[in-house]
Each structure stands twice: as structure tokens, then as C-alpha cells.
Amino acid sequence: MVYPSTMSLTANDVLHIARLARVQLAPADVERFTTQLSGILEHFAALAAVNTDGIEPTAHPLPLSNVMRADEVAPSLSQEDALANAPEQEDGYFRVRAVLE
Amino acid sequence: MMAEAWRLTAHEAHERLRARELSSVELTRSVLERIEAVEPKVNAYITRTPELALEQAREADARFASGTATPLTGIPVAVKDLIVTKGVRTTAGSRILENFIPPYDSHVYEQLRRAGAVMVGKANMDEFAMGSSTEHSAYGVSHNPWNLDLVPGGSSGGSAAAVAAGEALVSLGSDTGGSIRQPASLTGMVGFDPTYGRVSRFGIVAFGSSLDQVGPIGRDVEDVATMLDCISGHDPRDSTSNPEPLPDLRAYLGQDVRGMKIGVPREYFIAGMEPGVKDRIDEALKLFEELGCEVDTSLSLPSTEHALAVYYIIAPSEASANLARYDGVKYGFSDRTGASMWENMEQTRAGGFGNEVKRRIMLGTYALSAGYYDAYYLKAQKVRTVINREFQAAFEKYDVIVTPTSPTVAFPIGAKVDDPFAMYLNDVYTLPASVAGLPGLSLPCGLSEGLPVGLQIIGNFFDEGRILRAAYAFESALGWSNRLPDLA
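Note that this is a predicted model, so its numbers are computed, not measured.

S.K.: Run through the side chain of B:Asp235, naming residues and quoting values.
M.R.: Residues and elements named next belong to chain B. Relative to the helices and strands, Asp235 is located in the loop between helix 7 (221–231) and strand 7 (261–263). In this structure Asp235 comes out as buried when scored by relative accessible area, which is 3%. Within the local environment of Asp235, its side chain forms a polar contact with the side chain of His107, the two groups lying 3.4 Å apart. Discounting chain neighbours no more than four positions away, the residues touching Asp235 are His107, Ser200, Phe202 and Ser241.

S.K.: Any details on helix 4 (residues 107–115) of chain B? Residues and values, ideally.
M.R.: Residues and elements named next belong to chain B. The set of residues buried in helix 4 consists of His107, Val108, Tyr109, Gln111, Leu112 and Ala115. Along its buried surface, helix 4 packs onto helix 3 (50–66), strand 2 (76–80), strand 3 (118–123), strand 4 (170–175), strand 6 (213–218) and helix 7. Count one or two residues on from helix 4 and you reach Gly116, which has phi positive near 90°.

S.K.: Mind laying out the interface of chain B and chain A, listing which residues take part and the relevant values?
M.R.: On the chain A side, the residues contacting the 66 residues of chain B number 52 residues. Buried area between chain B and chain A, both sides added, is near 5,400 Å², and the carbon and sulfur share of it is 68%. Sorting the residues of chain B by area buried against chain A places B:Glu346, B:Met362 and B:Lys379 first, and these three jointly supply 13% of that buried surface. Seen at the junction of chain B and chain A, the total is 3 salt bridges.

S.K.: Pulling in residues and values, what's your account of helix 2 (residues 24–42) of chain B?
M.R.: Residue and element names in this part refer to chain B. Considering bend angle alone, the principal kink of helix 2 is centred on Glu36 and spans about 40°; proline Pro40 follows within four residues of it. Ser24, Val25, Leu27, Thr28, Ser30, Val31, Leu32, Arg34, Ile35, Val38, Glu39 and Val42 are the residues of helix 2 that are buried. Among the structural elements, helix 1 (10–18), strand 1 (45–48), helix 3, strand 2, strand 3 and helix 5 (157–164) are those in contact with the buried residues of helix 2. Among the residues trailing helix 2, Asn43 stands out with phi positive, at a value near 55°.

S.K.: So, the pattern of salt bridges: which residues are in play, and what are the values?
M.R.: For the structure on display, the rule yields 26 salt bridges over all chains. Here A:Arg95 and A:Glu88 are joined by a salt bridge, their closest N and O atoms 3.4 Å apart. In this structure, B:Lys122 engages B:Asp81 in a salt bridge whose closest nitrogen and oxygen atoms are separated by 3.1 Å. A residue pair is termed long-range when its members are at least 10 positions apart, and B:Lys122 in strand 3 and B:Asp81 in the loop between strand 2 and helix 4 qualify at 41 residues. Since its relative accessible area comes to 0%, B:Lys122 is described here as buried. Here the residues in one salt-bridge network are A:Glu88, A:Glu90, A:Arg95 and B:Arg336, joined through shared partners.

S.K.: Summarise the sheet that holds strand 4 of chain B; cite the residues concerned and give the values.
M.R.: Residues and elements named next belong to chain B. An order of 1-3-2-4-6-5-10-11-9-7-8 is seen for the 11 strands of this open sheet, with the pairing classed as mixed. Only two strands of the sheet have a single partner each, and these edge strands are strand 1 and strand 8 (294–296). Across the sheet, the mean angle separating the axes of adjacent strands is 30° when strand polarity is ignored. Across 4 bridges, the pairing between strand 9 (residues 400–404) and strand 11 (residues 451–458) is antiparallel. Of the residues in strand 11, the one forming a bridge with Ile401 is Ile458. Sheet strands in contact with helix 15 (residues 464–478) are strand 5 (190–193), strand 9, strand 10 (440–448) and strand 11, and its direction is about 15° off that of strand 10.

S.K.: Which residues make up the packing of helix 1 (residues 11–20) of chain A against helix 11 (residues 355–368) of chain B, and what values go with them?
M.R.: Two measures define how a pair of helices packs: the angle their axes make with one another and the distance between the axes. Viewed as axis vectors pointing N to C, helix 1 of chain A and helix 11 of chain B meet at an angle of 95°, and their least axial separation amounts to 9 Å. With respect to helix 11 of chain B, the axis of helix 1 of chain A lies roughly perpendicular. Two secondary-structure elements touch here, helix 1 of chain A through A:Val14, A:Ile17, A:Ala18 and A:Leu20 and helix 11 of chain B through B:Met362, B:Thr365 and B:Tyr366. When the residues that make up the contact of helix 1 of chain A with helix 11 of chain B are grouped by side-chain class, the tally is 6 nonpolar, 1 polar and no charged.

S.K.: Any details on the nonpolar core? Residues and values, ideally.
M.R.: Residues B:Ile75, B:Phe128, B:Phe288, B:Phe391, B:Leu455 and B:Ile457 are the most contacted members of the largest nonpolar core, which totals 173 residues. Among all residues touching B:Phe391, those that are not within four sequence positions of it are B:Tyr268, B:Leu301, B:Ile401, B:Pro432, B:Ala433, B:Ala436, B:Leu438 and B:Ile458.

S.K.: Quick one: what's the story with the side chain of B:Ser106, residue by residue and with numbers?
M.R.: As for its position among the elements, B:Ser106 is in the loop between strand 2 and helix 4. Ignoring any residue separated from it by four or fewer positions in sequence, one finds B:Ser106 in contact with B:Ile83, B:Val84, B:Phe202, B:Gly203 and B:Ile204.

S.K.: How would you summarise the packing of helix 9 (residues 307–322) of chain B against helix 12 (residues 374–395) of chain B if you had to cite specific residues and measurements?
M.R.: Residue and element names in this part refer to chain B. Where helix 9 meets helix 12, the closest approach of the two axes is 9 Å, and the angle between their N-to-C directions is 130°. As judged from the angle between their axes, helix 9 and helix 12 are oblique. Along this stretch, helix 9 crosses helix 12, giving a crossing that reads as left-handed. Touching Ala307, Val310, Ile313, Ile314, Ser317 and Glu318 of helix 9 are Tyr376, Tyr377, Ala380, Gln381, Val383, Arg384 and Ile387, all from helix 12. Looking at the contact of helix 9 with helix 12, its residues break down into 9 nonpolar, 2 polar and 2 charged.

S.K.: How would you summarise the environment of B:Ser442 if you had to cite specific residues and measurements?
M.R.: All names here are of chain B. Its location among the elements puts Ser442 in strand 10. Ser442 sits in the buried class, given a relative accessible area of 0%. Distance in space between the C-alpha atoms of Ser442 and Ile217 is 9.4 Å, their sequence separation being 225 residues. Apart from the residues lying within four places of it in its own chain, the contact partners of Ser442 are Arg181, Ser185, Met189, Val190, Gly191, Thr405, Gly454, Leu455 and Gln456. A distance of 2.8 Å separates a polar atom in the side chain of Ser442 from a polar atom in the side chain of Thr405.

How each quantity is defined
Residues numbered from 1 in each chain as written. Chains lettered and ligands numbered in written order. Predicted model: local features only at pLDDT ≥ 70, side-chain atom pairs only at ≥ 80, totals over all residues. Heavy atoms only, no water. Helix = DSSP H or I, 4+ residues; strand = E, 2+ residues; numbered from the N terminus. Buried < 20%, exposed > 50% of the residue type's maximum accessible area, 1.4 Å probe, protein only. Polar contact = N/O pair within 3.5 Å; in protein donor to acceptor, adjacent residues only side chain to side chain. Contact = heavy atoms within 4.5 Å. Buried area = accessible area lost by both parts, 1.4 Å probe. Salt bridge = Lys/Arg side-chain N within 4 Å of Asp/Glu carboxyl O. Bend = angle between axes of the 7 residues up to and from the residue. Pairing = 2+ DSSP bridges. Axes fitted to C-alpha atoms, helices over the stretch in contact; angles between N-to-C directions. Parallel < 35°, antiparallel > 145°, perpendicular 65-115°, else oblique. Nonpolar A, V, L, I, M, F, W, Y, C, P; charged D, E, K, R; others polar. Core = buried A, V, L, I, M, F, W, Y, C linked by side-chain atoms within 4.5 Å. Left-handed = near helix turned anticlockwise from the far one by under 90°.

This is the structure in C-alpha cells:
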């Protein structure tokens, strides 16, 4: 496993992360988050020193396996209820701007 | 009708309701009047529900008349605003949900309604439960009833402040890394984060799904036991809800603690712990010895120091996935001024989320992104295993583990809000049990400079009963329960 050689982020890294996370950032935000996120990441560096050879990752604190239910039709939220909070709707659908031009 | 009924614990109020010395409508009015009087100073609520409360109180009085009352029937409760309530706005402390009216009820609210409890309002919180002070709420900070210039802790700060200020008798909070225990500690209340899986998260706004758990805050140990009894149990709508049957938790109250083995991990006594906190914890350990417990301060949990990094990688990673649902399409705040759907989505999230939420989403996105997944997320999950194993080894030797809940008493509003990492350090004593999914309770153990200090009792998986047994014995011996600050 390769550990990143530096914990520090650049403004371009932050813009890339923000794009992945679909959050628009103002220039002042970029500067602030670059400093703050780099500072936080520095504190994570100590984890690299923990010996985890042969240790399984924990995704979930309890040993639960997949939980299945019978595939039976049951009442669920009505279309009207599901759309009740929609910012815009049309003909029973959520309405958005075109995804593809 | 008794004066100041809002001062009663839930179990005291229940006795009077049952004896018909007090009606739920009278009790609820007393709490609603108290809210009117102090809420401008405390700001414990995002949304108040007085009409609904009085309607539920009338139903509760009918249940007492018909003999179908439970210990929570007619009791005024505050509900953290990430617990969805059908027809009652649920914001999670975020602008992005400012107009969200849930079309269904959460499991825990259903349980409260089944028991006949009365909801007086939706409690303030750090946005999406990310914070330790309520300063990250989009609806203003809550003030600590012990000193209004101080924070009440967080993220369930509104739930804790409401109970401490007499604006509810008990409340529900949620705990991901300390969000019930730390505000309980800072407001002199009792807060209980049960075992991961004990309480269904159906209808809880998700933050860190391998960590989130709902639990109660109250003025004494008996009240949190009663609340946990009510909300626990298997729910098929949450696949992590545990089918383990719940014992009668109140049966553990008053049980003898002689011979109980208490481990005190030395890694918790670190620089940064205030001397006044250390003094109260030392006295608390002496009190446990006087009660006949075997207190061993030689316990070592060497990976404790890594819990903070593990948590602040795993929780933001899970949050970055969970919060992807806030896209301005299906519900909530929506900025539609952009030229395309993607632009609208990015603007919606820019305007709808506060800075701490953006920081965590980006931190999580980074930790999960190509090239960094192994170094951050996977590594954190492996260290999580190491932390779990250390706890499990300790529980072979000890019944419970006792630590301070927070390294400090309540701190001034504004003191840490611009320094994210300083804020994260507030959770240093509550994060390890969260990472391990273990139950932890915080209860008051005295004052330092006039402010409450909290003691944390951590138990093994599904061993809430043993925690309650130790907590109740301690509370009785200390003679501290239902102590409310003199809020002017």
C-alpha cells in the first residue's frame, strides 16, 4: 500500500474534490478549505504507523450478515406523498432542467 | 395543579399523573409556558409544536382514564430535529431541509406515540449532527442553561438544553461520535447512547450509517432507562436493527454493585483534560470503591489515540455518500437559477449546506476517491478493528469501563467555531466507544467552576443493563439527580 507522500492539498485538489462532491465553491471558500482540510489531513498521518498487517477491516461494528425479507408486495409511500416535497413536478414526475442538451 | 410541574422528572410526573393529582394537559401547559418564558434565551428548539402537544396531552389524559397508560404517557418530550415526524417539519439543522415536511414517521417517534408521550417540539442541533456545540446549526446556536454565554455541547445540544432548562422532561437525541453523551455532560444531564443496532434508525436522517444511533437524554438515570425501554427493539425496516430481545432495563436500577469490576483506561488521562474535570473523575472513582466496586486504573487501551482519526475518516466518508441525496430535485432547498441540472445541483448544495457539512463531505469524498481509498478509508477500517479488539479484551476482565465524558466543561460560544480540529477534540473521550459500536452513558459527577462534569460508563455490546446498574448506584450515592440550573 502506498501512503500519500504529502498530506497537504492544493487549491486544484480542493476544486477537484468539490466537483466530485457536486458543491460549488466561491474563491474564498477554496482558500479556506484548502488550509483547513490540509490541517485535518495532517492529523490523520499517524494512522500510517499503526501495524495493521493481516487485520481485517471493520465495515460494521456487529457481526450481522445480510438481512433479507420475503419479496412480497406491501403498501408503500403513495406517488402523491413522494412528490409532496418536490421543488417542481409535472405529470407525476420530478421536474429538472435537461441533463443532456 | 402543582406549581412548576416542568421541574418534575418523568417518573415523578408519572406518579402524579397516575394518582390523578396532575393531568397531562396541566403538565404540558406548564412546560409550554416554561418554553415561552425561557426559549428566547436558550433557543433549544427549531420548531415548536404546542397545538400538537396539547392534542396529544388530551389523548394521554384519556388513556389514564381508561387504564391504558404507560410510564411515558402524557410526558412532554423534545425530539431532535433529525428524527422524522409526519407532517411536522424536520430540518436536521440544515437550510437544505428548511421546508421538508416528512410524509412518514420514524420508528422511534412511532414508539413514543404508541407509549402516549407528548411532543412539544423539534430540538436544535448541529447541521446533520456534525458538530459539538450547536454552533453549526442553520437555526442559531443553543445556549447552555447553566451559563447562557456557553455552548450546550452537540450535536444534540438542543435536546440537552431543553431538558436542563425545563423545556421538556426528557428528550431524544442521536449519537454518532458523542452527540448525546457530550451535550448531556455539558448540561448536567444523563445521556445514553445504546449499542449500535439497539434502536431502529428507520426515519433518522442519516449521517454515518455504521455509527449513528438514537438515544435518550433525561434528568436522571431512571428516566433514560424508561425512554430506552420505549424506543428499543427490533424493526424490520432497519436492516441493522438487532433482533436481540431487550431485557426490562428498569429491573437493573437499584441492583447491588458490590464486586463490580471497573476498568479505567489510562490513555484517557491526557493533556488537555481540565484539572477540575480530573478532580471530579478521581472523586467518582473513589465513590465507586466506597460502593464496593473493584476499580482498576491499570487498564490500557493503547489505540485510543487513533480513534479520532479513524472516526474523522469513516464518518465523513459515510456522510459524503449519505448526503449525496440532497440534490434539490426530490425535496428540500433547490436553487434553480443555473443553466443546467448539474449547475443547479452544485448551487443547491453550495447554498443549502453550511461550512462544516461541506468540509466533511469533501473530506469523505477525498478519503474515498481513487488513489486515496486504501490509505485513508481502508486503513481507518483496519484500525477500527484494532480498537474493537482492545475493548473486547478489556471486557473479558471488566464489567464496565469508566472515563470522563469530555475533557472540558462547557466552553464559550465562538471559542472553537473557526478551528475545526479544536472542535473535533471535544469528542476525544466519546469517539472510541462509538467506533466500536459499544453502549455508553454519561451522567453528572459534580461541578467544576460551577459547571457540570460528566462521567462516561461504557459497557459491552447489548449490556445496557450493567451500565444502568452502575449509573443508578453512582447517582444515588452522589445524591445528584434532577438538578436544574437557576436559569434567570
